Structures are given as C-alpha cells and as structure tokens.
Amino acid sequence: SADLYTIGTSITSVNDQPVISLSNSGDLTFSTDEDTPLTFSAASSLLSLSDADSDAILTTTLSVVSGTGTLDVVDGAAATLSGDNSNEVVLTGTASQINAALATVIYTPTGDANGVGYATLSVSTVDELGSSADGLSLTLDVNAINDAPLGDDATATTLYEDQSIIAGQSVSAL
C-alpha cells in the first residue's frame, strides 16, 4: 500500500510594481490653445494607475517645468493633495482615490505663451514599499492665438517712415 505524506508549502507574496496607463492609444502629445486650460477629464479617463497590491498606498507626482504653467486638481477625491495650483502636484492614496483625482487634473499654460513641445507633463508613482512605476512623459503643445491689439488712445495719427518717436511720447502727440 502507498504511504500518504503531507508536505507543507509557504507562498510569500511580493510587492508588485504600480502601473501608469494612458487611455488614448498611446499618443503622448496633447494640445491646447494659448490662454486655454487643458482638462484631463473623467470622460477621457486619460491618466490612470493600478497596483496588483490593491490596498497599497501610492504616491503619484505630476509636474511641469517651472514657468511653463500650473497644475490644478479640481477634486482630490479623498486622496491627500499637496502643491495644488503649482508646477508640481503630489497625490497620496489608494489607486482608486488617485485615479478619481487624476480625472480632474487641469493644466493651464503660462499666459500668452505658446509653442510646439511647450511643456512636458511628467507622471511618476511609487508605492509604500518603494516600488516605482515606469514614469510617463506627455508633451503639451500650446497653439498660438492671434491676440487682439491693445491700446488706450482712440485717436488716429499718421506716422511717416523714418519719423522718430521720443521715448514716452504717445502716438496722439505726434
């Protein structure tokens, strides 16, 4: 007859790396018009993250280079938020809390600034045990808009070629 043996096994879980996802087929370039905020809305579910360790506390950092605009999280959705309305926002919470906050991020370019590749939005995530997601960089193009001319003198005056203007002299004084 066969002998029956019991063998004990132990399975130790490992800390899985969080994952940052982009829902728009991998296009890493986004554009907005000059002086117009770019909203990463819930409808687009543009940015999201996941972690197989579902109850893990994550820290996600979104940043743009100083001077190229600001980031605003409209609804932190229970995630801890720091740096709102600045060039770097840090969100701390579970994946679902941070995803809810990511769906309300607004990037506002610096006023009257524009250019192709004007700014880069960097996104990084780390879990409570130090495992980092592969970072994500999004290119933000800001389209130039022809601003209406400004002036405070409604008087029309003719200025001839090669005519000098004295510093501080208004056009109407010519």
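Along each chain, numbering runs from 1 in the same order as the chain's sequence is written. In view of the model being predicted, local features appear only for residues whose pLDDT reaches at least 70, and side-chain atom pairs are presented and counted only at 80 or more, with totals across whole chains, interfaces and linings using the full set of residues. Only hydrogens and water are set aside; all other atoms, that is, all heavy atoms of the structure, feed into the side-chain values.

Looking at the overall build of the protein
The criterion, for reference: Secondary structure elements follow DSSP: runs of H or I of four or more residues count as helices, runs of E of two or more count as strands, with numbering from the N terminus. For every residue, the accessible area obtained with a 1.4 Å probe (protein chains only) is divided by the maximum for its type, and the residue is called buried under 20%, exposed over 50%, and partly exposed between those limits. What makes two residues a contact is simply this: any of their non-hydrogen atoms within 4.5 Å.
For the protein, the count of helices and strands is one helix and 11 strands. Mapped from its N terminus to its C terminus, the protein presents α and β elements in the order β-β-β-β-β-β-β-β-α-β-β-β. Expressed as a percentage of its 174 residues, the buried residues of the protein come to 32%. Nonlocal contacts in the protein, meaning residues at least 24 apart in sequence, comprise 69% of its contacts between residues at least 6 apart.

As for the packing of aromatic side chains
The condition that has to hold: Centre distance within 6.5 Å is the pairing criterion for rings of Phe, Tyr and Trp, where only the six-membered ring of Trp is used; planes under 30 degrees apart are then read as stacked, over 60 as edge-to-face, and the remainder as tilted.
All chains considered together, the criterion is met by one aromatic pair. On the numbers, 6.0 Å between centres and 75° between planes, the contact of Phe-30 with Phe-40 is edge-to-face. Linking Phe-30 in strand β2 (residues 29-33) with Phe-40 in strand β3 (residues 38-40), this pair joins segments that are 10 residues apart in sequence. The residues Phe-30 and Phe-40 share a single accessibility class, namely buried.

Quick word on the confidence of the model for the protein
The criterion, for reference: Each residue carries a pLDDT score, the predictor's own confidence in it, on a scale running from 0 to 100.
Here the protein averages 83 in pLDDT, while 84% of its residues score no lower than 70. Mean pLDDT across the secondary structure elements of the protein bottoms out at strand β1 (residues 19-22), with 84, and peaks at strand β8 (residues 88-93), with 95.

Overview of the nonpolar core
Applicable threshold: Nine residue types can take part in a nonpolar core, namely buried Ala, Val, Leu, Ile, Met, Phe, Trp, Tyr and Cys, and a core is a set of them joined through side-chain atoms within 4.5 Å.
One finds Phe-40, Leu-47, Leu-62, Leu-91, Tyr-107, Leu-121 and Leu-140 to be the most contacted residues of the largest nonpolar core, which totals 33 residues. If we ignore the near neighbours within four places in the chain, the residues touching Leu-121 are Phe-40, Leu-62, Ser-63, Val-64, Leu-71, Leu-136, Ser-137, Leu-138 and Leu-140.

Considerations on unusual backbone geometry
Negative phi values dominate among residues other than glycine, just as trans dominates among peptide bonds. One non-glycine residue, Asp-35, lies in positive phi territory at about 65°. The topology assignment puts Asp-35 in the loop between β2 and β3. Located in the positive-phi region is Asn-85, a residue other than glycine, with phi close to 60°. Relative to the assigned elements, Asn-85 resides in the loop between β7 (80-82) and β8.

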